[in-house]
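# Summary of structural features
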Amino acid sequence: MLPFKAMRTIGLFPSDLPDKGFDMVDEDLIPKSLHEKMMAWRRDLHAHPETAFEEHRTSDVVARALQEMGLEVTRGLATTGLVGTLRNGEGPNLGLRADMDALDMQELGNCAHASTYAGKMHGCGHDGHTAMLLGAAQYLSEHKPFRGTIHFIFQPAEENEGGGKYMVQDGLFTRFPCDAVFGLHNGPQMRFGTFSIREGAMLSASDFFEIVVSGDGAHAAHPHTGVDTIVAASSVVGALQGIVSRNMDPLDSLVISVTQIRGGDTWNVLPQETVIRGTCRSFTDKARALAKSRISEVCEGVALASGAHITLNYREGYPATTNAAEPTRYAIRAAQSLVGVDNVDTDCRLRMGSEDFAFMQQACPGAYIILGTARGENDPPVHNPYYDFNDDALSIGAAYWVRLAEQFCPR
Ligand SMILES: [Zn+2]
Ligand SMILES: [Zn+2]
């Protein structure tokens, strides 16, 4: 078995669902041959993982598959992003999105389809997301159980680089107007065949800060002749802890974590500069704005008290992934019609992870859902070097997209 030691009790995506089973999708919906085709796509992508804006081979594989299905394919959005368009008469316009990128990490598992690229790995299951959306495109192009237009959106660089934002900037929704857009992520820490979703904020916004504390360096034996940037930086770190505990509404959520402190090179020199870095996570604009303004005020206050010069560079990362009401209802209905009412958590817990699908939701009403894919109690979480997307979930994910298309664009 895997050398991985389970983190079950803290799972990334905890679920409050009762322990009822759902096993496999009806073969009438997703035939075995299509499941096997998705598996082949998924394993090929897994063996050839590509990271942010370098998904050239992946983009080629996806484009070729969509063209073989007879879809119109538009390439070059946000470099390697692409859209496959499937039309069937007049009707609503639906956007279905998958992310295609891998992570800069070394795979440690030894499955037959393990990464062949050193230091790159499909550690978040975007290989599975891509294969499931291709599977849905295959089914929908063959059977056409809908009326309207479906845009299959394959985006680069979900991890860290915000490929979704650049697709929107490249005119994703002006060139391919959508009445709603939908995203899906696998959840290896959630019971297999269940779905989790909620209306409103679901995943947090993630921002990043760098605080540079500078002053006149001095001999450590004569601190009064300089400005000690280590002591000033320590005051900043201490004061930051008060923002969440003393300034935040206890019923709202905010995380401020300092993740790096760098300063000094030796034992007897007070360094000229000490740098602090960290991240903030929030669900509301109010909490996000509070974090930014209070961090700035802490820096100003400590600068005044210590005599150090302190600058703050605050970078807004991904917004909160926020599900719009009507698309969320469609997502819930599609999931429930597939796995049953009991297997869909429609008011799931908020999660402190982030997703750049949030940028698409800012431009178009959208809903994001998580599909449980756990192999058992001991499945490695995403971003773990032993993680591997669970192929058994491919049919469920593809069937979810098919149901959504059928219900959003009824024939
Ligand atoms: Zn990830
Ligand atoms: Zn991911």
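Definitions and limits used
- Residues numbered from 1 in each chain as written.
- Chains lettered and ligands numbered in written order.
- Predicted model: local features only at pLDDT ≥ 70, side-chain atom pairs only at ≥ 80, totals over all residues.
- Heavy atoms only, no water.
- Donors = N, O, S within 2.8 Å, 3.2 Å for Na, K, Ca; no water.
- Helix = DSSP H or I, 4+ residues; strand = E, 2+ residues; numbered from the N terminus.
- Buried < 20%, exposed > 50% of the residue type's maximum accessible area, 1.4 Å probe, protein only.
- Pairing = 2+ DSSP bridges.
- Contact = heavy atoms within 4.5 Å.
- Axes fitted to C-alpha atoms, helices over the stretch in contact; angles between N-to-C directions.
- Parallel < 35°, antiparallel > 145°, perpendicular 65-115°, else oblique.
- Left-handed = near helix turned anticlockwise from the far one by under 90°.
- Nonpolar A, V, L, I, M, F, W, Y, C, P; charged D, E, K, R; others polar.
- Salt bridge = Lys/Arg side-chain N within 4 Å of Asp/Glu carboxyl O.

Listed as protein donors to the zinc ion (ligand 1) are Cys124 (SG), Glu159 (OE) and His383 (NE2); their distances from the metal cover 2.0 to 2.2 Å. Between the donor residues of the zinc ion (ligand 1), the gaps in sequence give the motif C-x34-E-x223-H. A separation of 3.2 Å is found between the zinc ion (ligand 1) and the zinc ion (ligand 2), which are bridged by cysteine 124. Remark: histidine 383 occurs in the loop between strand 16 (366-372) and helix 10 (394-408) and glutamate 159 occurs in the loop between strand 4 (148-155) and helix 4 (163-169); sequence separation between them is 224 residues. On the basis of relative accessible area, histidine 383 is assigned to the partly exposed category, the value being 39%.

We now examine the sheet that holds strand 15 (residues 344-345). Taken in spatial order, the 8 strands make up an open sheet running 1-2-4-3-5-16-6-15, and their pairing is mixed. Two strands close off the open sheet at either side, each with one partner strand: strand 1 (72-77) and strand 15. Looking at chain direction, strand 5 (residues 180-187) and strand 16 are connected through 7 bridges and run parallel. Paired with phenylalanine 182 across the bridge in strand 16 is alanine 367. Running over the sheet, helix 10 touches strand 3 (93-99), strand 4, strand 5, strand 6 (195-196) and strand 16 and is turned about 160 degrees from strand 5.

This brings us to the packing of helix 8 (residues 325-339) against helix 10. Put simply, helix 8 and helix 10 touch, their axes get as near as 9 Å, and they point 125 degrees apart. If you check the angle between helix 8 and helix 10, you find them oblique. The two elements helix 8 and helix 10 meet at a crossing, and its hand is right-handed. For the pair formed by helix 8 and helix 10, the contact residues are Tyr330, Ala331, Arg333, Ala334, Ala335, Ser337, Leu338 and Val339 on the first element and Ile396, Ala399, Tyr400, Arg403, Leu404, Gln407 and Phe408 on the second. For the contact of helix 8 with helix 10, the residue count by class is 11 nonpolar, 2 polar and 2 charged.

Running from amino to carboxyl end, helix 1 (residues 32-47) crosses helix 10 at an angle of 110 degrees, the nearest separation of the two axes being 9 Å. By the criterion of interaxial angle, the relationship of helix 1 to helix 10 is roughly perpendicular. Contacts between helix 1 and helix 10 pair His35, Met38, Met39 and Arg42 from the former with Leu394, Ser395 and Ala398 from the latter. Considering only residue class, the contact of helix 1 with helix 10 consists of 4 nonpolar, 2 polar and 1 charged.

As a further point, take the pattern of salt bridges. Pairing of side chains with opposite charge becomes possible as their charged atoms draw close. This structure, assessed with the given rule, holds 19 salt bridges. Ionic pairing is found between arginine 97 and glutamate 355, a salt bridge with its closest N-O pair at 2.9 Å. Linking arginine 97 in strand 3 with glutamate 355 in the loop between strand 15 and helix 9 (357-363), this pair joins segments that are 258 residues apart in sequence. For arginine 97, a relative accessible area of 1% corresponds to the buried category. On the basis of relative accessibility, which here comes to 2%, the residue glutamate 355 falls in the buried class. Here the salt bridges share partners, and the residues they tie into one network are Arg42, Arg43, Asp127, Asp388 and Asp391.

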